[in-house]
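Now for the letters of each chain:
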Amino acid sequence: MENKTLIAPSILGVSEENLNLVCTNLINAGSDLIHFDVMDGQFVSNTSFTGKEIDIVSALTNDSIIDVHLMVNDVKAYLDRFMKKHVKLLTFHYEATYSQDINALISYVHDKGYEVGLAVSPDTPIEVLKPYLDKIDLALIMSVVPGKGGQKFMPIALDKLAYLAKEKKEHNYSYLIEVDGGINNETCEEAKNAGAEVLVAGSYILKSENYKERVDILKR
Ligand code: DX5
Ligand code: ZN
């Protein structure tokens with residue numbers, strides 16, 4: 001039986017005063033996860049959530065539905081800041097870790113009781129993730145250059161998704177395959193066909209008046 005696609009709306013750009021209403025509506029629309037894009041102004045030039053916004057979303061649910069995407073250099077500091085109630089996954093970038101021990105970071109997140117993801121930007125070859133595929137809970141393929149929403153899907157992501165799907169099948173790995181950036185009613189088809197299991201979508205869902213309709217389109 002085929003697994004169902006999970007939908008993770010990105011709430012990047014939602015103001016703090018609107019978070020409660022927007023996230024309530026996203027949850028009611030059948031979202032599986034809420035994707036939190038965290039930017040430090042260094043790994044990417046923009047800045048976003050500081051950590052306290054998690055509490056607003058956390059109060060809306062009894063489930064661990066928060067999917068934290070750390071686009072930051074100081075991974076350990078931000079992991080600590082975002083290890084909060086109802087956080088399911090904490091994902092950091094391979095490119096941010098040149099001076100940090102990836103295996104130690106993975107163990108650190110697991111020891112604290114959270115799932116862990118590794119992300120790669122469009123320019124990074126997917127093979128760099130190979131040594132970690134047996135340890136992670138999620139692999140995140142960026143289909144845009146990290147830093148802002150509303151960009152165009154980059155097809156370079158498709159081969160990476162296919163690589164992850166092949167490795168997962170061959171070795172019976174358990175990680176979820178997530179794709180992030182430029183996902184809409186058209187690009188979702190290619191991404192799913194290539195192997196994506198979790199679709200992050202910002203503008204496509206959030207710019208609509210009808211979240212449920214958009215979530216349903218991405219799921220089918
Ligand atoms: C980009 C972020 C994405 C992005 C998604 O740095 O990681 O999550 O906001 O937004 P859309 O779907 O608009 O590309
Ligand atoms: Zn993201």
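The structure contained in this document is the topic of the report that follows. These figures come from a predicted structure and were not determined experimentally.

Another point: the overall build of the protein chain. When you go through the protein chain residue by residue, the secondary structure sums to eight helices and eight strands. The C-alpha atoms of the protein chain give a radius of gyration of 16 Å, which matches the 17 Å a tight globule of 220 residues would have. Taken over the C-alpha atoms alone, the protein chain extends approximately 40 × 35 × 35 Å along its principal axes. Burial analysis of the protein chain (220 residues in total) assigns 54% to the buried set. A sequence separation of at least 24 residues applies to 64% of the contacts in the protein chain between residues at least 6 apart.

The next thing to look at is the site of ligand 1. Taken together, 20 residues form the shell around ligand 1, and within it D37, G150, D180, G202 and S203 come nearest. A distance of 2.7 Å separates an oxygen atom of ligand 1 from a polar side-chain atom of D37. Note that an oxygen atom of ligand 1 is positioned 2.8 Å from one of the backbone N or O atoms of G147. Protein chains bury 98% of the 380 Å² of accessible surface belonging to ligand 1 in isolation. A majority-of-atoms criterion places ligand 1 in the largest pocket. For the shell around ligand 1, the secondary-structure elements that each account for two or more residues are β2 (34–39), β3 (66–71) and β8 (198–201). Of the residues in the shell around ligand 1, the class split is seven nonpolar, ten polar and three charged.

The next thing to look at is the sheet that holds strand β5 (residues 115–120). With parallel pairing, eight strands are arranged side by side in an open sheet as β1-β8-β7-β6-β5-β4-β3-β2. The open sheet has two edge strands with one neighbour each: β1 (6–9) and β2. For this sheet the average axis-to-axis angle between neighbouring strands, irrespective of direction, equals 25°. Here β5 pairs with strand β6 (residues 138–142) via four bridges, running parallel.

Size it by volume and the largest pocket reaches roughly 430 Å³. Taken together, 26 residues line the largest pocket, and the ones lying closest to its centre are S10, G149, G150, G202 and S203. Ranked by the residues each element gives to the lining of the largest pocket, the list is headed by helix α7 (residues 203–206), at three residues. Across the lining of the largest pocket, the residue classes tally to twelve nonpolar, ten polar and four charged.

Criteria and thresholds
Residues numbered from 1 in each chain as written. Chains lettered and ligands numbered in written order. Predicted model: local features only at pLDDT ≥ 70, side-chain atom pairs only at ≥ 80, totals over all residues. Heavy atoms only, no water. Helix = DSSP H or I, 4+ residues; strand = E, 2+ residues; numbered from the N terminus. Rg over C-alpha atoms; globule rule 2.2 N^0.38 Å. Buried < 20%, exposed > 50% of the residue type's maximum accessible area, 1.4 Å probe, protein only. Contact = heavy atoms within 4.5 Å. Near = heavy atom within 4 Å. Polar contact = N/O pair within 3.5 Å; in protein donor to acceptor, adjacent residues only side chain to side chain. Areas by Shrake-Rupley, 256 points an atom, 1.4 Å probe, with all protein chains shown as cover. 1 Å grid on protein atoms, 1.4 Å probe; cavity = no way out; pocket = protein on both sides within 12 Å on 5 of 7 lines; lining within 4 Å. Sits in = over half its atoms within 2 Å of the grid points. Nonpolar A, V, L, I, M, F, W, Y, C, P; charged D, E, K, R; others polar. Pairing = 2+ DSSP bridges. Axes fitted to C-alpha atoms, helices over the stretch in contact; angles between N-to-C directions. Points joined across faces, edges and corners; volume = space filled by probe spheres on them.

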